[in-house]
Amino acid sequence: MALIMLVLMITLLLLGFPMMIPLIVAAIVGFYMSFDGFGQMNTLIQQLLGGIRPAALIAVPMFILAADIMTRGHSAQRLINMVMAFIGHIRGGLAVSTAASCTLFGAVSGSTQATVVAIGSPLRPRMLKAGYKDPFTLALIINSSDIAFLIPPSIGMILYGVISGTSIGELFIAGIGPGLLILLLFSIYCVIYATIKGVPTEPKATWKEKLIALKEALWPLGFPAIIVGGIYGGVFSPTEAAAACVLYAIILEFIVFRTLKLIDLYKIAKSTGLVTAVVFILVAVGNGFSWIISFAQIPQAVIGSLGIHEAGYAGVLIAIAVAFFIACMFVDPIVVILVLTPIFAPAVASAGIDPVLVGVIITLMVAIGSATPPFGCDIFTAIAIFKRPYWEVIRGTPPFVIILVFAAALIMMFPQIALFLRDMAYS
Amino acid sequence: PGDEATGESGSNWRYAHEEFEGDVQDVFAHKFKEYIEQNSNHTLQIFRFGELGESDDIMEQTQQGILEFVNQSPGFTGSLIPEAQIFFIPYLLPAEEEYIVDFFKTSVAINEMFPELYAEQGLELLSMYPEGEMVVTADEPVRSPQDFRGKNIRIMTNPLLSETYRAFGATPTPLPWGEVYGALQTNIIQGQENPIFWIQSGGLYEVSPNLIFTGHGWFTTAMMANQDFYQSLPPEDQQLIQDAADYAFNYITDYIPGLGDRMLEKILDSSDEVTVTRLTEEERQPFMDSATQVENRFIDMTGERGKLLLEQFKADLEAVVGD
Amino acid sequence: MSHDDIPSGYRSGLPGILGIVDYGISRVESVILAAGVLLMAINTIANVVGRFVFGESLFFAEEVNRILIIMITFAGIGYAARHGRHIRMSAFYDALPTNPRRILMIFIATFTSLIMFVLCYFSVGYISSTYHTGRVLPTMGIPIYFIYLWVPVGFAVTGIQYALTAIKNLRSKEAYLSTHVIDKYKDPEIEL
Ligand code: NA
Ligand code: NA
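The residue count restarts for each chain, going from 1 along the sequence in the order it is written. Each chain gets a letter, beginning with A, and each ligand a number, beginning with 1, in the order they are written. Thresholds applied to this predicted model are a pLDDT of at least 70 for local features of residues and 80 or more for the giving and counting of side-chain atom pairs; totals over whole chains, interfaces and linings are not thresholded and use all residues. Side-chain descriptors were evaluated using all non-hydrogen atoms of the structure, hydrogens and water having been removed beforehand.

(A) A look at the overall build of chain C. Comment: elements are numbered from the N terminus, with helices defined as DSSP H or I runs of at least four residues and strands as E runs of at least two. Counting secondary structure elements, chain C contains 6 helices and 0 strands. Going from N to C terminus, chain C has its helices and strands arranged as α-α-α-α-α-α. Three labels apply to residues, based on accessible area from a 1.4 Å probe with only protein chains included: buried if under 20% of the type maximum, exposed if over 50%, partly exposed otherwise in between. Within chain C, the fraction of its 192 residues that count as buried is 53%. Per-residue accessibility takes into account occlusion by the displayed protein chains alone, with areas from the Shrake-Rupley method and a 1.4 Å probe. Summed over all atoms, the accessible surface of chain C reaches about 8600 Å², with 71% contributed by carbon and sulfur.

If you want it as structure tokens, here you go:
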């Protein structure tokens, strides 16, 4: 059954069907085979709707709306001008700032999709203008948004912590080191890329110019203040921060700067609705697909047949990494963590691996898998927002995946990258 | 529904619950499985939290006949059976462990009235059992409704639960489960309520270290079968299922007393910040007085049937605790 | 970002009375989409303001958003189909010359349309089962089946759009993504 579903899915995908079709057809076939007919299709619909039920998803359309208002108005441009005044003369500086902004925003907002929209949409045109190629730009945005999985607060780590009985506080601290390591590696790649491709730098801004840019950006600096200060400072939950950003963006662009009119708000809301719908229908069908995979106990069957219990310390770690990576390429990360974590738990215990380290590796793999074709919510979001073909959105991905896999290998070989901060805090 | 033959005359049955590996519902499910598989040719497949969707999803799947058995806490069943929310009324169950098991064994409301309510929804109620005392955690110890003032206490989205915490003097704040840890850490909310094993496994004590035993309720849950499935079985299989449910219930009622203490010990071992506050009889009184307000809300929501159920609950409590 | 270039004066690609109906549906979709997003923003903002100013969250906020997200998604998929905006992996498809591409698009649109109608049928079944169990939203007490009514409508409208796309491709020389969108990506927008 799993094989039929996989072949069908990939065929329809390659033929160029709308992305919801391969997933939904594979799911329908899975239901048909599991229940000998179409008698239980109610549950497929139930699970489609279940996919778009979580309250936390609301942050996505809200951040899209805020970002769209900022981008069509002046706020986004003023913020970018300020950043450029300070780093425009450094080679690769814009790319590095983009990566850092995505990581920070993603970490705080807890939504990688919202990050692609909120940071990607104002910064991508600027990077293209500066001379970066589009596939590089898109892959940079998607992949650095996904670092956010590792940096607290992280839903994936909370889930893993509860299922495996591992301290969530320790997991959170342990994620920071690897998260920063990956950001550093991405930044190095950015500088190398900019140097090789000869991306031009801008002339160094004078202090006066910097001051003017800073002054221009004073109002829009409220956005990072709301998001970072608001969430880490305990004023807002991520969804609330998103709503506060919408309100602030409306006040700035419609009242303070007066760049937009009321009719624009209607158009912006419509385009936000469109982007939300094309991404969420994929979240929905992805959930239906995940359900039948889980119901048929396919992961258990596949992993059970491999005999990883005798694989030893390194063997178990590698098996976990590979399993989560492959699963996250196709299935929603939350479902992957729920289903696979208990399956591997006995092997982790018998090999004597620190469950915090396992949590970090799993979260990292989830991040990689989510940014890796064929299926990835952030890829879909980028396609929907930037209206670029699928191929172009994923073409720049390989170097980033190589860096991420390299980072995963480093963390497995030198667990102290993850555990150092934890050991300091909890000794 | 969904029977695949496994060996001579054995079927494969599916059972879903709402918790993670090793939690109380999971222990119950595995005891049920153990009895079924040792005493028949049938096999039982267990699905844990999230594997087949959320709590409402697995309930619907059982009503559809995809699953044979489901474990859902009455609190979640409120959208289907409003009367099931009675377990949210504070101080309706005995606070002491010594009485709680007797209460579940002898209560007329639980053993006679509830099965009828579930049957209306096509469900055969097999067992209702307590999982653990509800414990409040907060940013500082709380001993009175005054101490609760101005505190946002996270609850599951439920009108009766909101009423309870409003009556307690706090500000009830509904929040999805995934946001609770982060919200406690950043002080968006100043507290939450859960049974102690959840506070331990979710690490909530790390970010909300003051444990308050208010004695206001037990986290209760219910296990049931799809009724069409159950009634289509031969009498010996129906008996097998009843016996397996009793076997699991008896195991759990031995397991629960002391579980809270074991979990509390674990928590105290791993954190120096944790404080434990147990309300005395006098300290409980103002909280108990506020229960009337919640009872009235419950009767508003459920009408005459709810009122009868509430009276029976009180009679059952009286019978167990006596005077 | 997406300076959304969906023309505000959308003209249906259909003749006569069908065209008028189609135009009407497209207007309704746009209004639902925009209103859904704005209501969600108002609801979520009101919830934040409520918590800060009155110290109390809105109890129905979560459930209202749950209703709106279904509305936005299922009004949006029809709208997206109409404007050729559904996400697809088109690498191999793009490499084909125009005529085979047009024929492949006829196949894709027909099959997609069929699946949408199948899902429409399944979702009617699901709604009728939630109608019979009488499940309600816990706080607001609204029957669940009521908030799902968008679902079959959204699938049906999407199915119709893909069926029309198949017909459009049958009758024209170019390959069409939807009844009025020719299959071409524009160059990256570098303006701003
Ligand atoms: Na994060
Ligand atoms: Na993926």
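(B) A look at helix α2 (residues 20-34) of chain A. Across its 15 residues, α2(A) extends 21 Å between first and last C-alpha, which sits within 8% of the 21 Å expected from 1.5 Å per residue. Within α2(A) the residues assigned to the buried category are M20(A), I21(A), P22(A), L23(A), I24(A), V25(A), A26(A), A27(A), I28(A), G30(A) and F31(A). Only heavy atoms enter the contact rule, under which two residues are in contact if any of them lie within 4.5 Å. Each element contacted by the buried residues of α2(A) is listed here: α1 (2-15), α3 (41-51) and α15 (262-295) of chain A together with α4 (98-133) and α6 (150-170) of chain C. Just past α2(A), the residue D36(A) takes up positive phi, approximately 50°. Multiplying one less than the number of residues by 1.5 Å gives the expected span of a helix.

(C) Structural view of the interface of chain B and chain C. The partner chain C presents 16 residues to the 18 residues of chain B that form the contact. Accessible area, probed at 1.4 Å, shrinks when two parts are joined; the buried area is that loss added up over both. Approximately 1500 Å² of surface area, both sides summed, lies buried where chain B meets chain C, with 46% of it carried by carbon and sulfur atoms. Of all residues in chain B, E60(B), S79(B) and T157(B) bury the most surface against chain C, accounting for 36% of the area lost on that side. The rule for a salt bridge is simple: a side-chain nitrogen of Lys or Arg has to be within 4 Å of a carboxyl oxygen of Asp or Glu. If you look at where chain B meets chain C, you find 2 salt bridges. Ionic pairing is found between D56(B) and R135(C), a salt bridge with its closest N-O pair at 3.2 Å. Any pair of nitrogen or oxygen atoms within 3.5 Å is treated as a polar contact; in protein, a donor-acceptor pairing is required on top of that, and neighbouring residues in sequence qualify only through side-chain atoms on both sides. On inspection of chain B and its partner chain C, the count reaches 7 residue pairs in polar contact (both at pLDDT 80 or more). Secondary structure elements with two or more residues in the side of chain B that touches chain C: α2 (55-64), α7 (159-167) and β6 (171-174) of chain B. Counting residues per element, the side of chain B that touches chain C draws most heavily on α2(B), at 5 residues. Class assignment of the residues belonging to the side of chain B that touches chain C gives a composition of 6 nonpolar, 9 polar and 3 charged. Asp, Glu, Lys and Arg are counted as charged, while Ala, Val, Leu, Ile, Met, Phe, Trp, Tyr, Cys and Pro are counted as nonpolar; the rest, among them Gly, fall into the polar class.

(D) Inspection of the pattern of salt bridges at higher detail. The tally for this structure, following the rule as stated, stands at 26 salt bridges over all chains. We note a salt bridge from K31(B) to E34(B), for which the minimum N-O separation is 3.1 Å. Of this pair, K31(B) and E34(B) both sit in helix α1 (residues 24-39), 3 residues apart, which is roughly one turn of the helix. Look at K31(B) and you get buried, because its relative accessible area is 16%. For E96(B), the salt bridge goes to R284(B), with nearest N and O atoms at 3.8 Å. With E96(B) in the loop between α3 (74-77) and α4 (97-106) and R284(B) in helix α14 (residues 281-289), this residue pair connects regions lying 188 residues apart in the sequence. Accessibility expressed as a relative area gives 15% for R284(B), which makes it buried. If you follow the salt bridges from partner to partner, you end up with R124(A), D134(A), R388(A) and E392(A) in one network.

(E) Layout of a negative patch on the surface. Residues and elements named next belong to chain B. Residues form patches when they are more than 30% accessible in relative terms and have no salt bridge. Like charges link within 9 Å. Nonpolar side chains (Val, Leu, Ile, Met, Phe, Trp, Tyr) link within 5 Å. Charge convention: Lys and Arg are scored as positive, Asp and Glu as negative, and His as well as the terminal groups of each chain are ignored. One atom stands in for each charge, and that atom is NZ of Lys, CZ of Arg, CG of Asp or CD of Glu. Negative charge collects at one region of the surface, where E97, E98, D261, E265 and D269 lie side by side. Broken down by secondary-structure element, the contributors of at least two residues to the negative patch are α4 and α13 (259-270). Broken down by element, the residue count for the negative patch peaks at 3 residues, all from α13. Within the element layout of this structure, E97 appears in helix α4. When its relative accessible area of 31% is taken as the criterion, E97 is described as partly exposed.

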